[in-house]
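A structural walkthrough
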Amino acid sequence: MLTEAEIEAVLLDQLAALGYTCLNEAVSGPDGRSPEREAYSDTVLHSRLRAAIARLNPHIPGDARDDALRKLVAAERPSLIEENRRLHRAMVEGVPVEYRAEDGTIRGDAVRLIDPDDRLNDWLAIAQFTVIENGNNRRPDVVVFLNGLLVGVIEVKKPGSENATLGAAFNQLQTYKAQIPSLFRANAVLIATDGIQARIGSLTADQERFMPWRTTDGTDVAPKGAPEMSVLIEGVFEKSRLLSLMQDFTVFGDTPGGVTKILSGYHQFHAVKRAVASTVGASRSGGDRKVGVIWHTQGSGKSLLMAFYAGQLVREPAMENPTIVVITDRNDLDDQLFNTFSMCRDLIRQTPIQADSREDLQKALSRASGGVVFTTIQKFAPEKGEAYPLLTDRRNVVVIADEAHRSQYGFKARIEKSGEIAYGFAKHLRDALPNASFIGFTGTPIEKDDVNTPAVFGNYIDVYDISRAVEDGATVPIYYESRLARIELPESEKPKVDAEIEELTEDEAVSEQERLKRKWSTVEALVGAEKRLRMVAEDLVVHFEARVQAMDGKAMVVCMSRHICVDLYNQIVALRPGWHSEDDNDGLVK
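Right, let's walk through the structure included here. Remember, it's a predicted structure, so these values are computed and weren't measured experimentally.

Cut-offs applied
Residues numbered from 1 in each chain as written. Predicted model: local features only at pLDDT ≥ 70, side-chain atom pairs only at ≥ 80, totals over all residues. Heavy atoms only, no water. Helix = DSSP H or I, 4+ residues; strand = E, 2+ residues; numbered from the N terminus. Buried < 20%, exposed > 50% of the residue type's maximum accessible area, 1.4 Å probe, protein only. Pairing = 2+ DSSP bridges. Contact = heavy atoms within 4.5 Å. Axes fitted to C-alpha atoms, helices over the stretch in contact; angles between N-to-C directions. Salt bridge = Lys/Arg side-chain N within 4 Å of Asp/Glu carboxyl O.

A few words now on the environment of His428. Relative to the helices and strands, His428 is located in helix α14 (residues 425-432). We classify His428 as buried; its relative accessible area is 8%. In sequence terms His428 and Gln378 are 50 residues apart; their C-alpha atoms lie 9.8 Å from each other.

As structure tokens, then:
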């Protein structure tokens, strides 16, 4: 069985193979033969940082560079996460400074701390890095520096030891945060490992959000149960990937509980890389404008995936400042996605716009370049009897369709009762943006007999299915148990209902809504029959009460319509009156 020291040695050898200079604290510490810092309280390597700033900013006067260095070294925020956010921005965008130019004018500039192309960066790993702060003496196992800034902390535990688990490594990192917080001012990644298993997390992640990283270059995914540390170290700490993770796949969000720092998962990271490459190919002259489809199972961070994609697309030089249009088919989905993108506005380098009307949409898209615009597909309905106007014929327009499904189809003409010819929303969308490229995101797989989705969007770019999400701990496992509540239906009526269900569609013009309501109400009346709902309610109550005796949890019920939801609720509270409360914050069922 390997010791912690042996695991550290293996880890350092791997980092050395990736191009890092690797040192031990006995050599590089304040009392070592070749000290990298003056005191054990220092968590910034001043000489390396000063040298990097000079290399990266030769055009900026020395006084201004020194000013930037002072801003970095001095803590300016009261909380650790706010200070981390400040230094993250400094690493990504540079440190703003002013100086007097030779002509006597005052100029503003940004002092770069990192070379995104990695030609001038200085990478260093130190084992057993001792820090003394506020009387606390702690020694993290391995720390990683980029240009003198401490961006990675790796905590190692001995495998097989009863108390040396990944949980213990996580807890040790939390102890460091409480006792030596200066260690994390510039932190980008936290790693917990026992030499076999390994997890990556952000500064604010709880233990559940410390996730595996199961691929190096995104081509092959390591099977469940395979040793994880070497894959994670190469997958995360390969220099170009770590730079990209820091610059393009890290988000700070303001939540009711405070600031949260979010890192991309490996599935999001590599899906975005593939999607951007596909977008560049699809949108260039001669491209087919079909970017493809990303299927990432529900609960695996699809909204963030879309934001990461938009952020990368905006930075892609080949896209020449693209306009990004995010399409949903429901207002609530539009709001949810808009809120996620708004949280990621630093990443997408602009504030997204939400079109509230057709006029807003047309104004937002009649622009020369740039912009991230949110809308529902229904806003691409033209005025009655008119064609939808051309908004732009630029090729660097990308339409992101959330839940790529039938509302994105509807190219064929149909004849209304009035005798007028009408088209679906998809036709109007392409009339407005004839040279746009299309990418679809979905949380559910495309059905095998679905020929429309590949025809509109192209083939799969990336797949992250439920089985892999469960293996990674990104979602909880789903267990299916068939519990049928039969629909009582005379034999003579069955063919009629089948035919009406087949005709139901999400892609009908407004003038067709009444016809759909009549068809839907027929099916709804059968599914929501009082006798059937009473059976369902009785089964739900008995099943739920039996489950909570074995384990704590909650139940969620999905119904065909709001009307059925209300009726089923009434059936449930008739069986268990004590579960109901008029107070929104009280009661066992809502």
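Turning next to the sheet that holds strand β15 (residues 353-354). Strands sit in the order β15-β16-β14-β17-β20-β13-β21 across an open sheet of 7 strands; the sheet is parallel. Each having just a single partner strand, β15 and β21 (460-464) make up the two edges of the open sheet. Pairing analysis gives 4 bridges linking strand β13 (residues 290-296) to β21, with the strands arranged parallel. The residue of β21 that forms the bridge with Val293 is Tyr460. Set on the sheet, helix α13 (residues 358-365) makes contact with β14 (323-328) and β16 (372-376); between it and β16 the angle comes to about 155 degrees.

The backbone of Arg289 shows a phi angle near 65 degrees, a positive value even though the residue is not glycine. With respect to the helices and strands, the residue Arg289 is situated in the loop between α9 (266-283) and β13. Relative accessible area serves as the criterion here: at 27%, Arg289 is assigned to the partly exposed category. A positive phi angle is found at Asn321, which is not glycine, with a value near 55 degrees.

Below, the discussion takes up the pattern of salt bridges. Counted according to the given criterion, the structure contains 22 salt bridges. With a shortest N-O distance of 3.7 Å, Glu530 and Arg534 are connected by a salt bridge. Within this pair, Glu530 and its partner Arg534 are both found in helix α19 (residues 530-550), separated by 4 residues, close to a single helical turn. Accessibility expressed as a relative area gives 35% for Arg534, which makes it partly exposed.

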